[in-house]
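# Summary of the model geometry
Now for the letters of each chain:
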Amino acid sequence: MNKLAAVLALGTAGAESFVQGGTLSLNWKDCGDASTKGKVSGLTPTSLTLGKKTRVTGAGSVTEDVSAGKIAISMKASIISKTYSGDVCKAQTFTLPLGVGSITYDGVKCPLAAGAVSVPVDILLSSALPSSLAKADITISATSTSGDKLLCMAITTAPAAATQRFDQSHSQSQLGSSGQWFWDTIIYSNIVPNIFQK
């Protein structure tokens, strides 16, 4: 599909439904391999409420002391694919594209002794999300300064069964301008400028 066709396709995306309020379920798995020094054993809570900041904590253990290192948080949802990185010992907030929300990493207290560890992350997602963005893959991984893999957790989000959905063409009044703004931002900020390049 050429770029102009892509613009037209997005411009007629009126059938896109929105997840309005409600909750997203969180499913997790350990994504470490044989060389990873730690193991993820759990995640709480197992759901988050749209429009509200939710503290999500991964629990696990590491087999070596950690004095410094790096954290990487990646998110993939529909057309969004973004990776953020920072200091594993320091708190930092990562703003997601297109006003979708933010992820705040609290940092771990360094030096961290080998043994049990918890990794808290605050997730805030918009109260009205296109359904295509409600399904996301989030990966949180940590490495030591020497390059050792410490932990890896993969989280997937999906609309909970009771979450209410609205069709964009019938819900513009409820959503105000936020829904249209979202699609306008995609079209004019990400695609339209590229049409006029070369």
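See the structure above.
Figured I'd write up the structure that's included with this text. (Residues numbered from 1 in each chain as written. Predicted model: local features only at pLDDT ≥ 70, side-chain atom pairs only at ≥ 80, totals over all residues. Heavy atoms only, no water.)

## Remarks on the sheet that holds strand β2 (residues 23-30)
The 6 strands are arranged β4-β2-β13-β12-β6-β7 in an open sheet whose pairing can be described as antiparallel. In this open sheet, the two strands that pair with only one neighbour each are β4 (47-49) and β7 (80-87). Sheet twist, expressed as the mean angle between neighbouring strand axes with direction ignored, is 20°. As paired strands, β2 and strand β13 (residues 149-159) are joined by 7 bridges and run antiparallel to one another. Within β13, the position partnered with Asn27 by the bridge is Thr156. (Pairing = 2+ DSSP bridges. Helix = DSSP H or I, 4+ residues; strand = E, 2+ residues; numbered from the N terminus. Axes fitted to C-alpha atoms, helices over the stretch in contact; angles between N-to-C directions.)

## Some remarks on the sheet that holds strand β3 (residues 38-44)
Across the sheet, 5 strands lie side by side as β3-β5-β10-β9-β8; this open sheet has antiparallel pairing. In this open sheet, the two strands that pair with only one neighbour each are β3 and β8 (92-95). Along the sheet, successive strands turn relative to each other by an average axial angle of 25°, direction set aside. Pairing of β8 with strand β9 (residues 101-105), which is carried by 4 bridges, proceeds in the antiparallel orientation. Bridging across to β9, Thr93 finds its partner in Thr104.

## A few points about the environment of Gly86
Relative to the helices and strands, Gly86 resides in strand β7. By relative accessible area, which is 17% here, Gly86 ends up buried. Between the alpha carbons of Gly86 and Gly69 there is a distance of 8.6 Å; along the sequence they are 17 residues apart. (Buried < 20%, exposed > 50% of the residue type's maximum accessible area, 1.4 Å probe, protein only.)

## A word on the nonpolar core
Ranked by internal contacts, the top residues of the largest apolar core, which has 41 residues, are Ile73, Val100, Tyr105 and Leu125. Sorting elements by how many residues they give to this core places strand β10 (residues 115-125) first, with 5 residues. Non-local contacts of Leu125, meaning those with residues more than four positions away in its chain, are made with Leu24, Leu48, Leu50, Gly51, Lys52, Leu96, Val100 and Gly101. (Core = buried A, V, L, I, M, F, W, Y, C linked by side-chain atoms within 4.5 Å. Contact = heavy atoms within 4.5 Å.)

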